[in-house]
Protein chains: 2
Amino acid sequence: MAGIGKTRFGALADRDLRSLAVEAGNKALSDAGIVPEEVQAFYLGNFAGPEFTSQNHLAPYISTALGMAGIPSTRFEAACASSGAAFFHAFLSVAAGVYDTVMVMGVEKMTCQPNPRVTEILCGAGDCGPGGEMAAGSTFPSLFGMIARRHMHEFGTLREHLAAVAVKNHANGFLNPDAQMRKVITLEQAMNGRPIAEPLNLYDCSLVSDGAAAVVLRASHLCGPDAVAVLGAAQASDYVALDRKPSITTFPAVREAAFRAYAMAGLGPGDIDFAEVHDCFTIAEIVATEDLGFVERGRGGFAAFEGETGRAGRIPVNASGGLKSKGHPVGATGVAQICDVVRQIRGGAGEMQLDRHGVGLAQNLGGSGATCVVTILGEPSRGEGRVL
Amino acid sequence: MAGIGKTRFGALADRDLRSLAVEAGNKALSDAGIVPEEVQAFYLGNFAGPEFTSQNHLAPYISTALGMAGIPSTRFEAACASSGAAFFHAFLSVAAGVYDTVMVMGVEKMTCQPNPRVTEILCGAGDCGPGGEMAAGSTFPSLFGMIARRHMHEFGTLREHLAAVAVKNHANGFLNPDAQMRKVITLEQAMNGRPIAEPLNLYDCSLVSDGAAAVVLRASHLCGPDAVAVLGAAQASDYVALDRKPSITTFPAVREAAFRAYAMAGLGPGDIDFAEVHDCFTIAEIVATEDLGFVERGRGGFAAFEGETGRAGRIPVNASGGLKSKGHPVGATGVAQICDVVRQIRGGAGEMQLDRHGVGLAQNLGGSGATCVVTILGEPSRGEGRVL
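Residues numbered from 1 in each chain as written. Chains lettered and ligands numbered in written order. Predicted model: local features only at pLDDT ≥ 70, side-chain atom pairs only at ≥ 80, totals over all residues.

A.B. asks: Describe the overall build of chain A, naming the residues involved and giving the relevant values.
C.D. replies: Looking only at helices and strands, one finds 13 helices and 11 strands in chain A. The principal-axis extent of the C-alpha atoms belonging to chain A is close to 55 × 45 × 35 Å. Burial status across chain A gives 65% buried among its 388 residues. Put simply, 77% of the contacts in chain A that link residues at least 6 apart link residues at least 24 apart. (Helix = DSSP H or I, 4+ residues; strand = E, 2+ residues; numbered from the N terminus. Buried ≥ 20, exposed ≤ 12 C-beta atoms within 10 Å, placed from the backbone. Contact = placed C-beta atoms within 7 Å.)

Shown next as structure tokens:
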């Protein structure tokens with residue numbers, strides 16, 4: 001991991017998709033200390049650029065603006081895990097020796113559409129077929145609302161537990177200068193937000209955002225001794241429709257991706273110092289901490305409430321503020337999480353810096369668990385020698 | 001190349017996107033003699049499924065319906081070269097030893113939208129930015145109309161030459177049972193079609209289609225002695241906007257992809273027995289035959305008119321009927337071309353079968369030359385030992 005670059009996330013009315021992408025790409029090149037001509041392939045994660053902005057064929061549209069005409073330039077789509085999927089495929093190529101130097105980017109420009117249309121576009125990540133969940137009137141907030149209610153029913157999770165995740169991530173995001181929403185909230189505020197899809201209220205939902213993030217991945221012989229290594233990475237899939245899952249309070253694709261990434265790294269959940277997980281909704285963070293093995297199944301809400309996932313806790317989760325506070329430009333989120341993990345490992349996370357930051361994990365989810373990408377990063381010495 | 005499978009192409013009102021995809025996928029599995037559980041990763045090429053059908057997150061939506069839940073399932077988008085790009089990345093993964101068995105598929109369902117909306121969606125493959133070609137009122141027929149006029153001006157290409165490509169591809173498509181349009185036309189008919197974007201008329205334009213195609217790629221130790229080998233493959237990119245090109249009668253991305261694919265195969269244009277090229281318009285076939293090195297620059301129109309690219313000619317091009325006659329479900333086209341090449345090499349192309357069929361080339365273009373994928377296939381003995 002030779003270089004990282006991110007734009008600010010937010011409702012950036014004066015910025016178009018390509019200008020965000022170019023800013024993130026140039027920052028990553030500069031951070032890696034390379035020129036565009038050294039990049040051998042371009043991997044773009046973008047969920048719904050054509051629907052948000054009318055522009056399709058985005059990979060060469062962006063890579064040529066960065067001075068990289070000629071090389072393979074390809075867009076990867078896997079819903080909100082689009083740039084996680086782009087990263088996974090880029091990692092495979094470099095690890096297998098196909099390329100020495102590649103760029104992976106995620107970008108999304110969402111705020112150019114009115115909110116009802118944004119919700120409709122996001123529904124495309126679920127089952128829109130005849131008789132499917134979306135045809136029945138679901139949206140992603142309502143699907144995750146059902147997951148939350150079921151989690152409460154099965155495990156005794158309380159409304160306060162969901163609120164505790166929101167309070168934590170807002171407090172963390174307050175320390176992040178790039179976050180969309182830098183606003184500390186109280187448990188009382190988080191309990192009493194405007195209802196969205198009960199039991200979820202406004203404070204349980206992530207944001208509609210514009211933003212981009214990029215990384216430069218290089219083979220280890222081209223990296224300096226302080227480069228951050230990819231210790232493990234995996235992508236897994238499952239049914240798109242929530243009603244096809246035997247249980248809606250655990251995601252097999254997350255467990256499968258985590259299992260494979262841990263196996264590649266030769267590490268287990270107990271070896272992870274901190275994590276950025278996909279908190280598109282507060283309940284999603286709770287389920288993720290369980291599926292990743294940080295807490296026992298059913299204990300995720302209690303753990304958040306008791307501070308185990310706080311900055312000073314046993315396993316800090318979303319020290320960046322998460323999607324909740326940092327923002328969630330969907331196609332950008334996977335690579336943005338990886339940038340945040342790299343900054344922590346390097347010790348350069350400023351006010352967000354954690355004490356223990358040797359090994360970090362990023363978990364990027366698509367839809368209601370149909371795609372998951374898990375990436376484990378760390379100082380090269382921390383892995384089992386399978387680093388790049 | 002262990003197995004291939006295609007649906008019929010056409011305006012298939014009774015078929016949705018997923019049923020086409022599942023048909024092609026099951027045919028490829030059956031042709032390869034494997035079960036879904038043996039597939040380790042799924043590579044889907046699709047250009048604009050979300051805009052045509054509202055359904056996004058298409059890779060797990062399809063792979064789970066084929067019985068492949070769990071594995072990495074990812075959609076690749078590179079305009080009309082989407083499934084060519086998916087194939088290229090799948091090939092790299094198998095060649096580099098990451099996977100032993102993968103499925104690559106291309107699918108598009110276009111006829112569910114009215115024609116003006118189809119044209120608008122296709123415009124997304126060009127530059128839709130402020131001041132760009134599409135904002136100025138261009139469409140793809142008008143861009144390729146400009147290319148045709150410039151080619152006439154520079155090289156003396158005649159209207160009859162464009163018509164000769166249409167006549168040839170219609171005659172070839174008449175022999176293809178899966179083709180959308182099985183209709184022989186005369187040179188006079190082809191000269192006098194309804195004007196679309198002068199000098200292009202109706203007979204110079206490919207079709208709006210529904211369809212899917214799939215292949216199973218396996219490492220060579222898992223393939224039988226009659227498997228077809230990937231001898232060379234490359235993907236290249238260029239500016240999306242046609243006005244950014246120094247010349248509009250040659251595509252640098254095609255020349256670059258061809259150069260790299262020939263180098264990987266250790267072959268040159270003279271070693272290619274036949275080719276499937278991306279004739280989205282007749283002029284595109286003419287330019288492709290030049291950029292691939294089959295004829296000298298500027299000679300493409302003359303060569304077609306003189307029969308050099310006919311079934312009985314020196315280098316048969318689009319013996320399947322091409323996009324012109326077979327149909328052009330955009331995201332499916334790249335893999336469909338590869339299926340057609342494999343059928344010829346196996347000697348199983350029925351009435352379309354060519355006499356010389358040892359080494360075939362497929363060229364898949366995105367936009368007006370912003371993406372190109374070139375794949376060279378052949379009997380394993382024909383390459384330089386770099387086969388899988």
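A.B. asks: How would you explain the domain arrangement of chain A if you had to name every residue and give the values?
C.D. replies: Residues and elements named next belong to chain A. Here chain A is described as being made up of domain 1 (3–113 + 210–222) and domain 2 (140–204 + 229–378). Averaged C-alpha coordinates put domain 1 and domain 2 at centres separated by 23 Å. The interface is formed by 31 residues belonging to domain 1 together with 29 residues belonging to domain 2. Mapped by element, the contributors of at least two residues to the side of domain 1 that touches domain 2 are β1 (3–6), α4 (82–95), β4 (101–109) and β7 (210–218). Broken down by element, the residue count for the side of domain 1 that touches domain 2 peaks at 7 residues, all from α4. (Domains from an automatic or database assignment.)

A.B. asks: Describe the relation of the copies chain A and chain B, with residues and values.
C.D. replies: When chain A is fitted onto chain B, the two copies agree to an RMSD of 0.0 Å after a turn of 180° and an axial shift of 0.0 Å. On the angle and the small slide along the axis, the relation comes out as a two-fold axis. For chain A, the minimum C-alpha distance to the rotation axis belongs to F76(A) and amounts to 2.5 Å. The share of interface residues of chain A whose copies in chain B are also at the interface is 100%, consistent with both copies meeting through the same surface. (Least-squares fit on C-alpha atoms with pLDDT ≥ 70 in both.)

A.B. asks: Summarise the environment of T64(A); cite the residues concerned and give the values.
C.D. replies: With respect to the element layout, T64(A) can be found in the loop between α3 (58–63) and β3 (73–77). Along the sequence, T64(A) and F281(A) sit 217 residues apart, while their C-alpha atoms lie 36 Å from each other. Other than its neighbours up to four places away in sequence, T64(A) contacts A69(A), D238(B), Y239(B) and V240(B).

A.B. asks: Can you lay out the environment of A257(A) for me, pointing to particular residues and giving the numbers?
C.D. replies: Residue and element names in this part refer to chain A. Counting through the fold element by element, A257 comes out in helix α9 (residues 252–265). Put simply, A257 and Q235 are 22 residues apart on the chain and 5.3 Å apart in space, counted from C-alpha to C-alpha. Beyond its immediate sequence surroundings of up to four residues, A257 is in contact with A234, Q235, A236, C372, V373 and V374.

A.B. asks: Run through helix α6 (residues 140–155) of chain A, naming residues and quoting values.
C.D. replies: All names here are of chain A. When the terminal C-alpha atoms of α6 are compared, their 22 Å separation across 16 residues agrees well with the 22 Å that a helix rising 1.5 Å per residue should span. If you check which residues of α6 are buried, you get F140, P141, L143, F144, G145, M146, I147, A148 and H151. Elements in contact with the buried residues of α6: α5 (115–123), α7 (159–174), β5 (195–197), β6 (200–201) and α10 (282–291). Just downstream of α6, G156 is the residue with a positive phi angle, here 75°. (Expected span 1.5 Å × (residues − 1).)

A.B. asks: Can you tell me about the interface of chain A and chain B, naming the residues and giving the values?
C.D. replies: Listed by partner, the interface residues are 46 residues for chain A and 46 residues for chain B. In the side of chain A that touches chain B, the residues fall into 22 nonpolar, 19 polar and 5 charged. With 3 bridges joining them, β3(A) and strand β3 (residues 73–77) of chain B adopt antiparallel strand pairing. Residue pairing for β3(B): R75(A) is matched across the bridge by E77(B). (Nonpolar A, V, L, I, M, F, W, Y, C, P; charged D, E, K, R; others polar. Pairing = 2+ DSSP bridges.)

A.B. asks: Residue-level account of unusual backbone geometry, with values.
C.D. replies: Residues and elements named next belong to chain A. Going from E198 to P199, the amide bond is cis rather than trans, its omega being 10°. At S54, a residue that is not glycine, the phi angle is positive and equals roughly 75°. Locating S54 in the fold gives a position in the loop between α2 (49–53) and α3. Positive phi values are uncommon outside glycine, yet N318 reaches one of about 60°.

A.B. asks: Quick rundown of the sheet that holds β3(A)? Include the residues and the values.
C.D. replies: With mixed pairing, 10 strands are arranged side by side in an open sheet as β1(A)-β7(A)-β4(A)-β2(A)-β3(A)-β3(B)-β2(B)-β4(B)-β7(B)-β1(B). Two strands close off the open sheet at either side, each with one partner strand: β1 of chain A together with β1 (3–6) of chain B. Strand after strand, the sheet turns through a mean of 20° between neighbouring axes, direction not considered. Here 4 bridges tie β1(A) to β7(A), and the two strands are oriented antiparallel to one another. Within β7(A), the position partnered with K6(A) by the bridge is A213(A). Contacts from helix α13 (residues 333–346) of chain A reach β1, β2 (41–45), β4 and β7 of chain A, with the element oriented near 60° to β7(A). (Axes fitted to C-alpha atoms, helices over the stretch in contact; angles between N-to-C directions.)

A.B. asks: Mind laying out the pairing of strand β4 (residues 101–109) of chain B, listing which residues take part and the relevant values?
C.D. replies: All names here are of chain B. Counting buried positions over the 9 residues of β4 gives 8, a clear majority of the element. The sheet contact formed by strand β2 (residues 41–45) and β4 spans 5 bridges and is parallel. Bridge assignment links L44 to a residue of β4, and that residue is M105. Pairing of β4 with strand β7 (residues 210–218) involves 9 bridges; the strand directions are antiparallel.

A.B. asks: Tell me about the sheet that holds strand β9 (residues 274–276) of chain A, and name the residues and values.
C.D. replies: All names here are of chain A. If you walk across this open sheet you meet the 4 strands as β8-β11-β10-β9, and the pairing is mixed. Unpaired on one side and paired on the other, β8 (229–237) and β9 mark the two borders of the sheet. Taking the axes of each pair of neighbouring strands and ignoring which way they run, one obtains an average angle of 15° across the sheet. Relative to strand β10 (residues 359–366), β9 is paired through 3 bridges, and the arrangement is parallel. By the bridge assignment, E276 is partnered in β10 with A362. Along the sheet, α4 contacts β8, β10 and β11 (371–378); its crossing angle with β11, the most-contacted strand, is approximately 55°.

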